[in-house]
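Reading the structure
Spelled out, the chains give:
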There are 4 protein chains.
Amino acid sequence: MKYRRLGRSGLQVSELSLGSWVTYGNQVDEDSALETLSVARDAGVNFFDNAEVYAGGKSETLMGNAIKKLGWDRADYIISTKFYWGLAQGPNRKNTLNRKYLRQAIEGSLQRLQMDYVDLIFCHRPDPNTPIEETVWAMHDMIQRGQALYWGTSEWSAAEIVSAWQIAERHHLHKPVMEQPQYNLFHRDRVETEYARLYEDLGLGLTTWSPLASGVLTGKYANGIPAGSRSTLPGYEWLQKLVTNPDWLAATERLRSISDKLDCTLSQLAIAWCASNPQVSTVITGASNKTQVIENMKAIDIIPQLNATLRDQIDAAIGTVGVSTPA
Amino acid sequence: MKYRRLGRSGLQVSELSLGSWVTYGNQVDEDSALETLSVARDAGVNFFDNAEVYAGGKSETLMGNAIKKLGWDRADYIISTKFYWGLAQGPNRKNTLNRKYLRQAIEGSLQRLQMDYVDLIFCHRPDPNTPIEETVWAMHDMIQRGQALYWGTSEWSAAEIVSAWQIAERHHLHKPVMEQPQYNLFHRDRVETEYARLYEDLGLGLTTWSPLASGVLTGKYANGIPAGSRSTLPGYEWLQKLVTNPDWLAATERLRSISDKLDCTLSQLAIAWCASNPQVSTVITGASNKTQVIENMKAIDIIPQLNATLRDQIDAAIGTVGVSTPA
Amino acid sequence: MKYRRLGRSGLQVSELSLGSWVTYGNQVDEDSALETLSVARDAGVNFFDNAEVYAGGKSETLMGNAIKKLGWDRADYIISTKFYWGLAQGPNRKNTLNRKYLRQAIEGSLQRLQMDYVDLIFCHRPDPNTPIEETVWAMHDMIQRGQALYWGTSEWSAAEIVSAWQIAERHHLHKPVMEQPQYNLFHRDRVETEYARLYEDLGLGLTTWSPLASGVLTGKYANGIPAGSRSTLPGYEWLQKLVTNPDWLAATERLRSISDKLDCTLSQLAIAWCASNPQVSTVITGASNKTQVIENMKAIDIIPQLNATLRDQIDAAIGTVGVSTPA
Amino acid sequence: MKYRRLGRSGLQVSELSLGSWVTYGNQVDEDSALETLSVARDAGVNFFDNAEVYAGGKSETLMGNAIKKLGWDRADYIISTKFYWGLAQGPNRKNTLNRKYLRQAIEGSLQRLQMDYVDLIFCHRPDPNTPIEETVWAMHDMIQRGQALYWGTSEWSAAEIVSAWQIAERHHLHKPVMEQPQYNLFHRDRVETEYARLYEDLGLGLTTWSPLASGVLTGKYANGIPAGSRSTLPGYEWLQKLVTNPDWLAATERLRSISDKLDCTLSQLAIAWCASNPQVSTVITGASNKTQVIENMKAIDIIPQLNATLRDQIDAAIGTVGVSTPA
């Protein structure tokens, strides 16, 4: 496993990392969580992505319990959590980044994770109803209190990120250092165009999610939705729509000649392609069992093979599908 | 119940809220306090206004005990307190906003409330004998120590509020986000004229008090002071003078045709009128028993009915009475 | 007793206050300390001046024990301490205002006083071997940690005070609010000339020491040094020289006609004269027994009588003696 | 022993100090550590240099245990530690100055030393992979949390030091006050040329290491490497190369006439020469037993004898050897 700086910060994150989204607390129980974490760590993964909202808080509980059992040294691994969606109904308990919610949220996450601090805290979405200055102060304060080390955003617009950065610079507060956007062969505009100036100007790092475009890029939906797929879980109807998108399915098939040439799976190709963008600090992968982790991690060997020629061939295979995907 | 942002901050407060002023510790004992809080919460109220000085500290004790018994989740409700008047005689114990008083005051309030923090802290009055910079630092420090989340003022002049805001901006401290002024049909100048620029320029929010003009707008004083009225409590002689003001009493009577048309009480009309000003974040209502809370909360349905035509009719009924009332 | 703002700060200090210098731990034991504190408090004194170095730390211990026994409410009294001279030999233990000394010093003082915080902390002298920026940061940090409320200086030059104030303004730190200079009829230059611009420009307050010019202004040295006088204590040879200064003794005698006219003692006149300067926030008086405290406090009644005419007569009586005294 | 200010800071350090590098935990066990510390302290040494990495953490443990047994007053001695190299493998555990490493590192050092704070914390080397702003914030935060009093750098370029200083000034954070460079007769460029502007412009202080040029300036390598020498320890092959450098050995011999004239050893001359540079705050000496400490400390008497004439003679004896040594 290679390690990269999280943007211009000094933190080193593994090229590939493991996220608990969708799986932990739903498909994955505590024993499996422990197993996937352990296998990923053995492969060199040092960043484990989480969020307050994943599985209604159960992801954090599972990951906290598992890491405690594994007995890892706190200096060796990086944990994130994210705030915005909230865990309960109420005007200051969901869909907000206000000071009250954030104070309660970090305390809850640290309890569930059984940790003194998380390494990375994300504003899980922008909140148009809270001034960015209020949120920047709240994130800064979490770092000053020792509850977190670095803060960033997820799915914020370039203008919002710049705004937060500038407020922090003006008031001498900790600046956001990373953004967690969706990034895959079908979803490229934000990372490649909208954020273009932020990498150099702000030193922004990226922890990208959904490298397999909700699983389409695995190729497993070529012949329809297999039984037991993610998209059959209750509440994931939006996913079912994505994985039956005919343009995506066709583009995926056109990639097979390239993955065959590299002697790897479509998934490995898709993950490696994300990581081959030098602005990406780490590609967050998901897995519901240890075999998937092992398979995903083999993408490490593909990354250095993706030279300009191969990347051009991939662009050609995808065509306009990636560009036209709405954010 | 609808919720509004507290000025430009991210905190969501219920349109109507409940205050402990006058009632708690005087007319209202702990059982009644629990009852009024419970009924208000059921109606959607999430902001409960308090002050160190109310009933000489007993308001905070009562509210703290009642909320503890009710077992509310700390993330669900918003508590305020206010500092200035003090609870004891002595040069640094009353009528001041100096650093020494404020340090002692917040510790006392948190003890009486049995809470780790209050959401909102107010400077209950301006203090001409303490530099605003000293007070801004002290309020900022309470927030940094985690004893409070937001700070603001009560009955400060526009110039004083701007001054505090600018000092905070210059020294990178937490800015005041709200003001608690008196606001009702007889007392409009400050909110509608003096503060006019502050809503947009500073993002000021308002938590307004005395929507019923010390009860006059209930109409209950039309035929003289009823027995057991607030204005017969010792120390409330000033109130007796207000509730016998002939101009106010006459103007109140002229509103009856409008409240009749809306099929609501005079009180509900008066409360709804305050809330129909979009600069008002929340209207603090008072009540000495749960029936009054229920009655007051019905004003929620009147708010959306107060269109421009009706507001013009109300202005006509009040005439110059509201404008000419001294602050 | 009247109270005045400590300079432009919001803290109210009694016009006359009580200091432990010279007396506590030397002439005064714990029982007497308790008695003098109690009598002073009864007279309205709310500020009790102390310093780490007084009686080698014993002053703080005595005052701490006495106040604990008296059971005073922490909100009612103001305690100071001062750092610079140190209590032990060693390169970072005396004659310094560096960060290491100040950290150890405040911890020691709070222990001896048995208090959570002191109200006022003074830099007891300027330290040419520590950058003012380092000292300003250390004093600011004590306030931020909650160990003190206000900070100031003692016997600093106007230039040094301005420098500290400006550094605090530039780096957004707590500014010095008071200075403790010697001030009496024989020692006027610094307060009346050197600091002239600081009262308005910086809002500087003064807590002045030695109102009786080491006792000369009591008149008790007119016929030589009485037995048991302070100036006979070991280590006070410098004092012996002062109290036999023929110019001072003669000037003191010339004041008798004025004190006679006011029907007060020479001491009361001298103390009241200091307090009649509106830039003085409080005059620190000393006493070795409760009778002295009672006598000194009678100066309160003299202060309002010192009109311009009387002050001119006092100036005439003193002549050039006060002006020519070296700092 | 004389004491000097650490650069422009207010901290007083002994001209000669004692470091644990190489010796503690390797050649020196706990009893010997206690003995060397005790003898050095008796000679007036008040600064004891340490680093996380020395002997893999054992230096800190040894020094912590020894000082505890010696029962020294915390106000009397100055302890340093240094962070960068780390104690374990892993992407955020070595060769970094990022926020995560630094947080874990200071906690580990304080535990091993059994102290509440260290006086001086050094960035042991520059880290090109962490923004200087991130490191400045982390060092500032350690000071604000009370874990350290002053921070500085070791073997940073002048440009890097200026950069850190300016960031601290701009964001109102604690500035670096000292640098720990190698400095001896064969290694002069950095201290005398590269840093020239920093002493006055930034107030930089120096705690210099290797005054004896890895032992060559003792003269003990004149006839080859003696048995039991440092340079025979495993992992010190680089040292063996240095101590057999023929230019260094020849230059050392040319110094003998000067040390003979001063009636001191070559070591004492070399140590005193470092200290005779007024920009040097303290010269860190090493010793594997108490006799060496006693011998080294005799250099104190040589320092004031090194006048301009003698310094010119020393320069002539060294010739171009010192100038041409690479950093």
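Residues numbered from 1 in each chain as written. Chains lettered and ligands numbered in written order. Predicted model: local features only at pLDDT ≥ 70, side-chain atom pairs only at ≥ 80, totals over all residues.

Our focus in this paragraph is the overall build of chain A. Counting secondary structure elements, chain A contains 15 helices and 10 strands. On C-alpha atoms alone, chain A measures out to a radius of gyration of 19 Å, which is about the 20 Å that the 2.2 N^0.38 rule sets for 327 residues. With 327 residues in all, chain A has 51% of them scored as buried. Look at the contacts in chain A between residues 6 or more apart in sequence, and 79% of them connect residues 24 or more apart. (Helix = DSSP H or I, 4+ residues; strand = E, 2+ residues; numbered from the N terminus. Rg over C-alpha atoms; globule rule 2.2 N^0.38 Å. Buried ≥ 20, exposed ≤ 12 C-beta atoms within 10 Å, placed from the backbone. Contact = placed C-beta atoms within 7 Å.)

As a further point, take the interface of chain C and chain D. Listed per partner, the contact involves 19 residues of chain C and 17 residues of chain D. Those elements giving two or more residues to the side of chain C that touches chain D turn out to be α3 (99–113) and α4 (132–144) of chain C. Here the side of chain C that touches chain D takes four residues from α3(C), the largest share from any one element. Considered class by class, the residues forming the side of chain C that touches chain D number four nonpolar, nine polar and six charged. (Nonpolar A, V, L, I, M, F, W, Y, C, P; charged D, E, K, R; others polar.)

Now for the relation of the copies chain C and chain D. The two copies are related by a screw operation: chain C maps onto chain D through 90 degrees of rotation and 0.0 Å of translation along the axis, at an RMSD of 0.0 Å. What we have between these two chains is a four-fold relation. Rotation axis and chain C: the residue whose C-alpha lies nearest the axis is C:H172, separated from it by 5.4 Å. Interface overlap between copies is the fraction of interface residues in one copy that are interface residues in the other; for chain C against chain D it is only 5%, indicating separate surfaces. (Least-squares fit on C-alpha atoms with pLDDT ≥ 70 in both.)

All names here are of chain A. One way to put it is that helix α4 (residues 132–144) packs onto helix α5 (residues 158–171) with a least axis distance of 9 Å and a crossing angle of 60 degrees. Where α4 crosses over α5, the two elements pack in a sense that is right-handed. Of the residues in α5, those touching α4 at I132, E133, V136 and H140 are E160, S163, A164, I167 and A168. Here the contact of α4 with α5 is composed, by residue class, of five nonpolar, two polar and two charged. (Axes fitted to C-alpha atoms, helices over the stretch in contact; angles between N-to-C directions. Left-handed = near helix turned anticlockwise from the far one by under 90°.)

Turning our eyes to something else, we now look at unusual backbone geometry. Residues and elements named next belong to chain A. Look at N95: it is not a glycine, yet its phi comes out positive at around 55 degrees. Structurally, the position occupied by N95 is in the loop between β5 (78–83) and α3 (99–113). The partly exposed category is assigned to N95, around which 16 C-beta atoms lie within 10 Å. At S210, a position not held by glycine, the phi torsion is positive, near 60 degrees. Its location among the elements puts S210 in the loop between β9 (205–208) and α8 (237–242). Classification of S210 as buried rests on a count of 24 C-beta atoms within 10 Å.

This part takes up the relation of the copies chain A and chain D. Once turned by 90 degrees and shifted 0.0 Å along the axis, chain A lies on chain D with an RMSD of 0.0 Å. A share of only 6% of interface residues in chain A that are also interface residues in chain D marks the association as one of differing surfaces.

The next point concerns the UniProt feature "domain: NADP-dependent oxidoreductase" (unreviewed entry) in chain A. As annotated in UniProt, the feature "domain: NADP-dependent oxidoreductase" (unreviewed entry) corresponds to residues 16–316 of chain A in the numbering used here. Overall, residues 16–316 of chain A shows 44% helix and 12% strand. The separation of its end C-alpha atoms is 25 Å. (UniProt positions renumbered as here; feature names shortened; annotations may be inferred.)

Time to look at the packing of helix α2 (residues 58–70) of chain C against α3(C). Residues and elements named next belong to chain C. The geometry of α2 relative to α3 is characterised by a closest axis approach of 7 Å and an angle of 40 degrees between their N-to-C directions. Comparing their axes, α3 and α2 come out oblique. Facing α2, whose interface residues are E60, T61, M63 and G64, α3 presents S109, R112 and L113. Its residues assigned to classes, the contact of α2 with α3 shows two nonpolar, three polar and two charged. (Parallel < 35°, antiparallel > 145°, perpendicular 65-115°, else oblique.)

On the side of chain D, 19 residues touch chain A, which itself brings 17 residues to the contact. Every element with two or more residues in the side of chain A that touches chain D is listed here: β1 (3–5) and β7 (148–153) of chain A. Split into classes, the residues belonging to the side of chain A that touches chain D amount to five nonpolar, seven polar and five charged.

Moving on, we come to the environment of C:G219. All names here are of chain C. Among the secondary structure elements, G219 is positioned in the loop between β9 (205–208) and α8 (237–242). For G219 and A250, which are 31 residues apart along the polypeptide, the C-alpha to C-alpha distance reads 9.8 Å. Setting aside residues no more than four positions away along its own chain, G219 makes contact with T252 and L266.

Residue and element names in this part refer to chain A. Strand order in the closed barrel formed by eight strands is β3-β4-β5-β6-β7-β8-β9-β10, and the pairing between neighbours is parallel. The pairing of β5 with strand β6 (residues 118–123) spans four bridges and is classified as parallel. Bridge assignment links S80 to a residue of β6, and that residue is L120. Against the sheet, α3 makes contact with β5 and β6, and its axis sits at roughly 140 degrees relative to β5, the strand it touches most. (Pairing = 2+ DSSP bridges.)

Residues and elements named next belong to chain B. Ordered in space as β3-β4-β5-β6-β7-β8-β9-β10, the eight strands form a closed barrel in which the pairing is parallel. Pairing of strand β6 (residues 118–123) with strand β7 (residues 148–153) involves five bridges; the strand directions are parallel. Residue pairing across strands places I121 opposite W151, the latter belonging to β7. Strands β6 and β7 of the sheet are contacted by helix α4 (residues 132–144), whose axis makes an angle of about 155 degrees with β7.

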